[in-house]
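Commentary on secondary and tertiary structure
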Amino acid sequence: QVQLVESGGGLVQPGGSLRLSCAVSGSIFSVDSMGWARQVPGKERELVATITSRGSTSYVDFVKGRFTVSRDNAKNTVNLQMDSLKPEDTAVYYCNARVRGPYSSAYSNYWGQGTQVTVSS
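Before going into details, it helps to say that this report is about the structure given with it. (Residues numbered from 1 in each chain as written. Predicted model: local features only at pLDDT ≥ 70, side-chain atom pairs only at ≥ 80, totals over all residues. Heavy atoms only, no water.)

**Details of the overall build of the protein chain**
The secondary structure content of the protein chain amounts to zero helices and 11 strands. Reading the helices (α) and strands (β) of the protein chain from amino to carboxyl end gives β-β-β-β-β-β-β-β-β-β-β. The C-alpha atoms of the protein chain give a radius of gyration of 14 Å, which matches the 14 Å a tight globule of 121 residues would have. Expressed as lengths along the three principal axes of its C-alpha atoms, the size of the protein chain is roughly 50 × 25 × 25 Å. Within the protein chain, counting contacts between residues at least 6 apart in sequence, those at least 24 apart form 56% of the total. For the protein chain, the exposed surface amounts to about 6,600 Å²; the carbon and sulfur share of it is 46%. (Helix = DSSP H or I, 4+ residues; strand = E, 2+ residues; numbered from the N terminus. Rg over C-alpha atoms; globule rule 2.2 N^0.38 Å. Contact = heavy atoms within 4.5 Å. Areas by Shrake-Rupley, 256 points an atom, 1.4 Å probe, with all protein chains shown as cover.)

**Points about the pattern of salt bridges**
By the definition in use, this model includes five salt bridges. A salt bridge links R38 to D89, with the shortest nitrogen-to-oxygen separation between them at 2.9 Å. Taken together, the residues span a long stretch of sequence, with R38 in strand β4 (residues 30-39) and D89 in the loop between β8 (77-82) and β9 (91-100) at a distance of 51 residues. Both residues of the pair, R38 and D89, belong to the buried class. (Salt bridge = Lys/Arg side-chain N within 4 Å of Asp/Glu carboxyl O. Buried < 20%, exposed > 50% of the residue type's maximum accessible area, 1.4 Å probe, protein only.)

In structure tokens:
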């Protein structure tokens, strides 16, 4: 099976920074695109940032200039550097990865359990 485990969440003051990390493990043949999404109670989960296998990135407008997504292909990890955090960024952040297993001919999407990010004074 494929597992995604997030880390780095916590409580931070407005204007502060956090760095989230996600490790992909298990039976992996290759990892394609990866990314991060967030969700608050009562709202739909929204995509925050994505990064392709070659490093091309995309961000939702609200986080542009503040968040930076990166990856380490050798370690199958994806990171999200969050700067200038705002209270509106408070949410559970989920790691996502498109993974192909050794016995699969197609990629499948996997999600982590999520890590809480709280931005408050």
